[in-house]
Amino acid sequence: MVKEVMRHAPILNDSGKLLGSLWVIVSSSGWNSTQQELFEEFALMLVPALEGFIQSEQVSATPSTPVLLSQNYPAVVAFERDGTLVYGNPAAMRLWNISISQMIELKLADLVLDLQNISMMEALSTPNTPFGLRGLRDGIPFQLEGLLSTLELGGEIHACLCMRELGVRELAALETSPDTLVLEGRLRQFARQTQYALIEWDLRGRVLAWNPSAERIFGYSEAEAIGRSLVDLVALNSNRDMLHNLGKRLVQGLEGSSNTNANRTKSGRKIFCAWQNTSLYDTDGKVMTVVSLALETTVQVEAEEELRRARARDLALREALPDVVFTLTRGGRFLDYHEPEESTFYLDAQEIVGYKLEEVAPLELARRYRAALEIAFSNGIADFEHNLDIGGIQHDFESRVVRYDTEEAVVIVRDVTQRKRDEQHLAHMAFHDKLTDLPNRELFGRRFEEALRLSRQSYRPLSVAFVDLNRFKQVNDTMGHAYGDLLLEGVAQRLRLLMRPDDTLARMGGDEFTLILPGLSKERAEEVSERVIHALSQPFVLEGHTVQIGASVGLSSFPEDGGDAQDLLRIADRRMYETKKQRKETRV
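S.K.: Describe the overall build of the protein chain, and please don't skip the residues or the numbers.
M.R.: Helix and strand counts for the protein chain come out as 20 helices and 24 strands. The proportion of buried residues among the 588 residues of the protein chain is 42%. At a minimum sequence separation of 6, the contacts of the protein chain that also span at least 24 residues come to 49%. Accessible surface, the protein chain: about 32,600 Å² in total, of which carbon and sulfur atoms supply 52%.

Structure follows, in structure tokens:
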């Protein structure tokens with residue numbers, strides 16, 4: 001037969017006022033299943049029933065008994081001096097996730113880990129004094145705050161433990177000195193004001209603390225974040241596994257970590273954050289929680305990525321350019337150097353980078369580069385041309401110096417030797433006869449005008465001669481144009497031998513040549529005319545064929561025949577035709 005005992009417990013408020021009574025039926029010999037169900041139903045129904053009673057009854061009682069079911073310490077268990085549990089309220093059942101029937105079969109040490117370190121007599125001698133301890137739920141420790149007192153049940157005095165679950169910082173605050181509490185207050189202020197997201201999470205990865213910066217960075221309010229998985233809140237699908245593995249290592253105390261991760265906000269926006277993660281340990285060296293500091297670095301990461309892309313573009317551009325490219329400081333020191341494979345410099349970056357201009361380039365070239373640097377740092381850009389002897393061959397270069405910040409400029413050097421040669425060749429072709437390489441009509445006109453100008457200034461004589469070949473058409477018609485070209489080349493060669501350095505010999509076209517004879521009077525010019533006639537009357541051998549021609553020469557002189565270029569040329573041309581006509585008449 002089951003013996004049942006009615007046990008009674010008073011219900012008091014914080015001021016010691018009696019608010020009501022709690023009656024609990026306990027058994028000295030166990031319970032059957034029906035009784036267990038009835039008792040659990042009675043215990044669960046008792047709490048709302050008491051609420052109405054508490055509001056109506058205000059009776060004085062001794063203040064030494066703790067307030068059961070209060071907001072401060074809602075979970076209550078009573079136990080014998082050997083630790084056997086004899087009572088637990090619904091809050092205690094919810095705290096450990098067990099039924100009352102399961103609870104009264106346990107000892108207090110099955111629910112609370114730190115009893116071996118607590119002196120029951122000392123706790124009972126200072127009733128209602130909070131202290132920290134650890135509960136054990138589903139095999140995992142969690143932090144509690146509790147106080148011990150006495151409780152009368154059925155006329156017997158029992159020890160009573162009232163508890164609430166709390167965070168690490170609350171427990172630490174109860175056990176620290178006043179100075180440490182001041183520091184704790186400052187740390188809380190730091191947590192509220194810092195730009196870092198400060199997040200504390202437990203061994204299951206659930207958020208315990210979430211400061212305003214965490215709200216700002218990730219978009220979740222504190223109420224939304226507390227109790228949720230940190231990985232679920234901030235991880236991208238692509239890095240969830242990595243963050244889970246990192247969390248496992250942190251709760252195992254294997255490592256702290258510093259890294260930059262891609263994360264997401266509540267709205268789904270992708271951001272980047274720099275994380276510092278630190279495991280916190282209890283006095284036994286076991287990990288209690290993990291604290292993470294996160295600073296959003298999206299702008300910096302994107303800027304670094306853009307810088308990386310810009311450097312890649314710069315490198316690709318340098319590789320694609322056929323030019324030498326290098327960077328100089330304002331002081332003329334090389335910071336980098338790139339030379340294409342087809343470059344004519346044949347220098348290595350190690351021979352240049354870190355050195356000054358004067359240590360690498362000839363002094364005159366270094367001086368010109370420094371002058372260009374000054375212009376570039378003043379105006380943004382400077383261009384100049386220079387030449388350099390490389391392997392005994394003169395090369396022409398164009399250098400462009402471009403400032404791109406206050407202390408550095410990029411220099412692009414292009415070898416324009418071939419271009420210069422092409423330009424010179426084109427210019428030469430524009431003013432010279434293609435067959436004989438003598439000055440053509442255009443260049444002759446320019447030189448004649450210049451020679452006439454100098455003669456006017458110096459009052460020196462000047463003569464001009466027109467030379468027309470005799471019997472050239474006959475050679476051209478009977479032997480062909482190829483022989484005619486050979487004959488013209490031969491005539492040019494003989495006439496060159498008669499010219500002084502300051503004289504000009506030109507081919508005007510066909511078989512007509514002209515001579516500019518600076519400083520020669522009409523009499524001396526006639527002597528030159530005779531030498532020309534004599535030279536051209538000698539036989540020419542053209543690929544084994546001997547031909548003999550002659551020449552007719554017409555002269556005009558400054559100032560005797562006039563001072564205008566057109567007049568002098570017209571007179572010389574007329575006299576040449578007069579001479580040619582006389583030769584024909586004489587021959588007839």
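S.K.: I'd like to hear about the pairing of strand 12 (residues 270–281), residue by residue, with values.
M.R.: Sheet topology note: the strand 11 (residues 257–264)/strand 12 ladder contains eight bridges and is antiparallel. What sits directly across from Ser258, in strand 12, is Gln276. What sits between the antiparallel neighbours strand 11 and strand 12 is a turn of five residues, in which Gly268 has the positive phi angle 95°. Here strand 12 hands over to strand 13 (residues 287–296) after five residues, with Gly285 in that stretch at a positive phi of 80°.

S.K.: Before we move on, can you summarise the packing of aromatic side chains with the specific residues and values?
M.R.: Here the structure, examined in full by the defined rule, presents seven aromatic pairs. Taken together, a centroid distance of 6.2 Å and an interplanar angle of 65° make the contact between Phe326 and Tyr369 edge-to-face. Of this pair, Phe326 sits in strand 14 (residues 324–329) while Tyr369 sits in helix 14 (residues 363–379); the two residues are 43 residues apart in sequence, bridging distant segments of the chain. Note on Phe326: relative accessible area 5%, which makes it buried. What links up through ring pairs into an aromatic cluster is the set Phe326, Phe334, Tyr337, Tyr369 and Phe384.

S.K.: Tell me about the sheet that holds strand 24 (residues 550–558), and name the residues and values.
M.R.: Judged by pairing direction, the sheet is antiparallel, and its four strands sit side by side in the order 20-21-19-24 without closing on themselves. Only two strands of the sheet have a single neighbouring strand rather than two, namely strand 20 (504–509) and strand 24. On average, each strand axis in the sheet is tilted by 20° relative to the strand beside it, whichever way the strands run. In terms of strand pairing, strand 19 (residues 462–470) meets strand 24 through nine bridges, oriented antiparallel. Across the sheet, residue Phe466 finds its bridge partner in strand 24, namely Gly554.

S.K.: Tell me what's going on with the sheet that holds strand 10 (residues 207–210), and back it up with residues and numbers.
M.R.: Note: strands within a sheet are paired through backbone hydrogen bonds, in either parallel or antiparallel orientation. Spatial ordering of the open sheet is given by 10-9-13-12-11, a layout of five strands whose pairing is antiparallel. Strand pairing shows two members of the sheet lacking a second neighbour, strand 10 and strand 11, which therefore form its edges. On average, each strand axis in the sheet is tilted by 30° relative to the strand beside it, whichever way the strands run. For strand 9 (residues 197–201) and strand 10, the ladder comprises three bridges, and the chain directions are antiparallel. In the strand pairing of strand 10, Ile199 is matched with Trp210. Lying over the sheet, helix 11 (residues 240–251) contacts strand 9, strand 11, strand 12 and strand 13, oriented at roughly 145° with respect to strand 11.

S.K.: An account of the confidence of the model for the protein chain is needed here, citing residue identities and associated values.
M.R.: Taken over all residues, the pLDDT of the protein chain has a mean of 79, while the share at 70 or more is 77%. Looking at the elements of the protein chain, mean pLDDT is at its lowest for strand 3 (residues 59–60), recorded as 30, and at its highest for strand 21 (residues 512–518), recorded as 96. Taken together, the stretch residues 34–71 has pLDDT below 50 and engages in 74 contacts with residues farther than four places along the chain or on a different chain.

S.K.: Please set out the nonpolar core residue by residue, giving values where relevant.
M.R.: Ranked by size, the top nonpolar core spans 29 residues in total, and within it Leu487, Val491, Phe513, Leu515 and Leu536 carry the most contacts. Those elements giving two or more residues to this core turn out to be strand 19, helix 17 (472–479), helix 18 (481–498), strand 21, helix 19 (522–537), strand 22 (540–542) and strand 24. Tallying contributions element by element places helix 18 first for this core, with six residues. Not counting the four nearest positions on each side in its chain, Leu536 is found in contact with Val467, Leu469, Val491, Arg494, Leu495, Ile549, Gly550 and Ala551.

S.K.: Pulling in residues and values, what's your account of helix 16 (residues 441–458)?
M.R.: The terminal C-alpha atoms of helix 16 lie 26 Å apart, and with 18 residues this matches the ideal 26 Å at 1.5 Å per residue to within 8%. If you check which residues of helix 16 are buried, you get Leu443, Phe444, Phe448, Ala451, Leu452 and Ser455. Buried residues of helix 16 fall within an arc of 160° about the axis and therefore sit on the same side. At the N-terminal end of helix 16, a side-chain oxygen is found 3.2 Å from the backbone nitrogen of Glu442, two or three residues along, and the residue is Asn440. One or two steps after helix 16, the chain reaches Tyr459, where phi turns positive at roughly 55°.

S.K.: Residue-level account of the pairing of strand 4 (residues 75–79), with values.
M.R.: On any regular strand, side chains alternate: one points to one face of the sheet, the next to the other face. Burial within strand 4 is extensive, with five of its five residues counted as buried. Turn length for the strand 4-strand 5 (residues 85–88) hairpin, with the two strands adjacent in sequence and antiparallel, is five residues, and the turn residue Gly83 shows positive phi of about 95°.

S.K.: Tell me about the pattern of salt bridges, and name the residues and values.
M.R.: Enumeration over the complete set of coordinates arrives at 25 salt bridges. Note that Arg137 is salt-bridged to Glu165, the shortest N-O span being 3.1 Å. Linking Arg137 in strand 6 (residues 131–137) with Glu165 in strand 8 (residues 156–165), this pair joins segments that are 28 residues apart in sequence. Assessed through its relative accessible area of 18%, Arg137 is described here as buried. A residue is classified by how much of its surface remains accessible, and Glu165, at 40% relative accessible area, is partly exposed. Close ionic contact of Asp202 with Arg206 constitutes a salt bridge, the shortest N to O distance being 2.8 Å. We classify Asp202 as buried; its relative accessible area is 11%.

S.K.: An account of unusual backbone geometry is requested, with residue identities and associated values reported.
M.R.: With an omega of 10°, the peptide bond running from Phe558 to Pro559 counts as cis. Within the secondary structure, Pro559 sits in the loop between strand 24 and helix 20 (565–587). Of note, the phi angle at Asn97 is positive, near 60°, even though the residue is not glycine. Mapped onto the secondary structure, Asn97 falls in the loop between helix 2 (90–96) and helix 3 (100–103). With phi around 50°, Glu543 is a residue other than glycine that occupies positive phi space. With respect to the secondary-structure elements, Glu543 resides in the loop between strand 22 and strand 23 (545–547). With a relative accessible area of 62%, Glu543 lands in the exposed category.

The rules behind the values
Residues numbered from 1 in each chain as written. Predicted model: local features only at pLDDT ≥ 70, side-chain atom pairs only at ≥ 80, totals over all residues. Heavy atoms only, no water. Helix = DSSP H or I, 4+ residues; strand = E, 2+ residues; numbered from the N terminus. Buried < 20%, exposed > 50% of the residue type's maximum accessible area, 1.4 Å probe, protein only. Contact = heavy atoms within 4.5 Å. Areas by Shrake-Rupley, 256 points an atom, 1.4 Å probe, with all protein chains shown as cover. Pairing = 2+ DSSP bridges. Phe/Tyr/Trp six-rings, centres within 6.5 Å; stacked < 30°, edge-to-face > 60°. Axes fitted to C-alpha atoms, helices over the stretch in contact; angles between N-to-C directions. pLDDT = per-residue confidence, 0-100. Core = buried A, V, L, I, M, F, W, Y, C linked by side-chain atoms within 4.5 Å. Expected span 1.5 Å × (residues − 1). Arc of directions from axis to C-beta. Polar contact = N/O pair within 3.5 Å; in protein donor to acceptor, adjacent residues only side chain to side chain. Salt bridge = Lys/Arg side-chain N within 4 Å of Asp/Glu carboxyl O.

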